[in-house]
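Chain by chain, the residues run as shown.
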Amino acid sequence: MSKKITVEKKVLSENDRLAADIRKKLEKQKIVTLNLVSSPGSGKTSLLERTLKELGNKFNMALIAGDVQTENDADRLKRAGGKNVRPVITGGACHLDARMVTRALDEMNLKGVDILFIENVGNLVCPSSYDLGEDMKVVLMSTTEGDDKPLKYPSMFRRSSVLIINKIDLLGLSNFDIKQAEKNARTINADLKVFEISCLKETGLEAWYDWLGNQVTSKKGKK
Amino acid sequence: MHELSIATEIINIVEKEASRQHLTRVEEIGLKIGALTGVNPDALTFAFEASTGDTSLAGVVIKIEKIPVKGECRACGNAFEVQEFVFICPECGSSDLKISQGEELDIDYIAGQ
Ligand SMILES: Nc1nc2c(ncn2[C@@H]2O[C@H](COP(=O)(O)OP(=O)(O)O)[C@@H](O)[C@H]2O)c(=O)[nH]1
Ligand SMILES: [Mg+2]
Ligand SMILES: [Zn+2]
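Residues numbered from 1 in each chain as written. Chains lettered and ligands numbered in written order. Predicted model: local features only at pLDDT ≥ 70, side-chain atom pairs only at ≥ 80, totals over all residues. Heavy atoms only, no water.

Visitor: Sorry if this is basic, but what is going on with the packing of helix α2 (residues 44-55) of chain A against helix α3 (residues 72-79) of chain A here?
Guide: The geometry of a pair of packed helices is captured by two quantities: the angle between their axes and the separation between those axes. All names here are of chain A. α3 packs onto α2 with a crossing angle of 20° between their chain directions and a minimal axis gap of 9 Å. Here α3 runs roughly parallel to α2, going by the angle between their axes. As for the relative orientation of α2 and α3, their crossing is right-handed in sense. For the pair α2 and α3, the contacting residues are Thr 45, Ser 46, Leu 48, Glu 49 and Leu 52 in the first and Asp 73, Arg 76 and Leu 77 in the second. The residue inventory of the contact of α2 with α3, partitioned by class, reads three nonpolar, two polar and three charged. (Axes fitted to C-alpha atoms, helices over the stretch in contact; angles between N-to-C directions. Helix = DSSP H or I, 4+ residues; strand = E, 2+ residues; numbered from the N terminus. Parallel < 35°, antiparallel > 145°, perpendicular 65-115°, else oblique. Left-handed = near helix turned anticlockwise from the far one by under 90°. Contact = heavy atoms within 4.5 Å. Nonpolar A, V, L, I, M, F, W, Y, C, P; charged D, E, K, R; others polar.)

Put into structure tokens, the structure is as follows:
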């Protein structure tokens, strides 16, 4: 006789549990934590390099750089002035999970850190399922991708709080329509905070730096 | 291919649950997968079969219930199914929605003896 047993358990409950622990720990230390996600090459590392150079004297920033195989991004971030950079090699996995972040954080000194950036593995599908204990996901797309990207990867755009459109220096060189891209993103997530930037030409970054500063201020203000 | 990591999590949970419930053989696993999870049911079934090949779960039947995204408009109260990931109320155009389902990635049940 076969019997049926109700389980009703979240498949990622173990990840969610670890993520909740991370969130609690970082909240206690008042660290703004951002999980950066995008396709490979949209400009996550470039944005972090710019941010380190510009805000390095103002904020204490820690970074976790996820990569499938190499430590190249972590090396770039260190060269850009990152003093608290931790590479995480996933060994094939197309996303970071909360266990990897827990291990990385155990080996990092978080004392006095204002912002923790987590550069996720370049992929717009898999990282959306894995909570890392972040305050927000920041999704990047670049003008060399299709303006229909949000429609193709709705989960990621729905679960992100910030959208950064990078490489606006290349606008006009393809049929990428930035207004259409934003409109597509907003049908999925009307609350997205949008920045249009070029890491290469350093345009639009002031607004991003200001926003980051505001996040730090409001986090510190919280009891 | 995060379906592989997800398949691994399912195997871990099912093995634990089966031993807790004194099942010697699991025959079927029922999953609920919401449209918002970005998890592809076919890829998951494939990944599951690939990862159970030489385990006690080899040959288990996977039943997947796909859960569509549903929401309720906070502005006008309209309850509707979110089609094609357009998170806008078809009645009043508001995007202030309460999403009631579509985020599931759950093991619903297991069956066996
Ligand atoms: N034209 C242009 N290229 C950029 C810009 N930002 C980044 N890139 C280039 O895009 C490539 C990928 O950037 P990277 O930061 O490594 O992307 P990641 O994979 O998301 O970390 C690099 O060659 C960058 O130099 C930009 O604003 N404009
Ligand atoms: Mg990178
Ligand atoms: Zn409405």
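Visitor: In this structure, what is going on with the packing of helix α1 (residues 13-28) of chain A against helix α4 (residues 98-106) of chain A? I would like to understand it.
Guide: All names here are of chain A. Look at α1 against α4: their axes get within 8 Å of each other, and the N-to-C directions meet at 35°. By crossing handedness, the relation of α1 to α4 is classed as left-handed. Facing α1, whose interface residues are Glu 14, Asn 15, Leu 18, Ala 19, Ile 22, Lys 25 and Leu 26, α4 presents Ala 98, Arg 99, Val 101, Thr 102, Leu 105 and Asp 106. Taken together, the residues of the contact of α1 with α4 break down into seven nonpolar, two polar and four charged.

Visitor: What should I look at first to understand the site of ligand 1 in this one?
Guide: Residue and element names in this part refer to chain A. Around ligand 1, the surrounding shell holds 17 residues, and the nearest of these are Gly 41, Lys 44, Thr 45, Ser 46 and Asp 169. A distance of 2.6 Å is found between an oxygen atom of ligand 1 and a side-chain nitrogen or oxygen belonging to Ser 46. Asp 169 places a side-chain nitrogen or oxygen 2.7 Å from a nitrogen atom of ligand 1. Starting from 580 Å² of accessible surface for ligand 1 in isolation, the protein chains cover 72%. Taken together, the residues of the shell around ligand 1 break down into four nonpolar, eight polar and five charged. (Near = heavy atom within 4 Å. Polar contact = N/O pair within 3.5 Å; in protein donor to acceptor, adjacent residues only side chain to side chain. Areas by Shrake-Rupley, 256 points an atom, 1.4 Å probe, with all protein chains shown as cover.)

Visitor: Explanation requested: the sheet that holds strand β3 (residues 70-73) of chain B in the structure shown.
Guide: One key point about sheets: their strands pair by backbone hydrogen bonds, in either a parallel or an antiparallel sense. All names here are of chain B. With respect to topology, three strands assemble into an open sheet ordered β4-β3-β5, the strand pairing being antiparallel. Each of the sheet's edge strands pairs with one partner strand only, and the pair in question is β4 (79-81) and β5 (97-101). Along the sheet, successive strands turn relative to each other by an average axial angle of 30°, direction set aside. (Pairing = 2+ DSSP bridges.)

Visitor: For this particular structure, what's the right way to read the interface of chain A and chain B?
Guide: Interface size, as often reported, equals the accessible area lost upon joining of the parts. Taken residue by residue, the interface counts 28 residues in chain A and 32 residues in chain B. Both sides together, the interface formed by chain A and chain B hides about 2,600 Å², and carbon and sulfur atoms give 58% of it. Here chain A and chain B share one salt bridge between them. With a closest N to O distance of 2.3 Å, Glu 103 of chain B and Arg 159 of chain A form a salt bridge. Of all elements in the fold, only β1 (3-10), α1, α6 (154-159) and α7 (178-188) of chain A reach the threshold of two or more residues within the side of chain A that touches chain B. Here the element with the most residues in the side of chain A that touches chain B is β1 of chain A; it accounts for eight residues. For the side of chain A that touches chain B, the class distribution of residues is 12 nonpolar, eight polar and eight charged. For β1 of chain A and strand β6 (residues 105-112) of chain B, the ladder comprises six bridges, and the chain directions are antiparallel. Bridge pairing links Lys 3 of chain A to Gly 112 of chain B in β6 of chain B. (Buried area = accessible area lost by both parts, 1.4 Å probe. Salt bridge = Lys/Arg side-chain N within 4 Å of Asp/Glu carboxyl O.)

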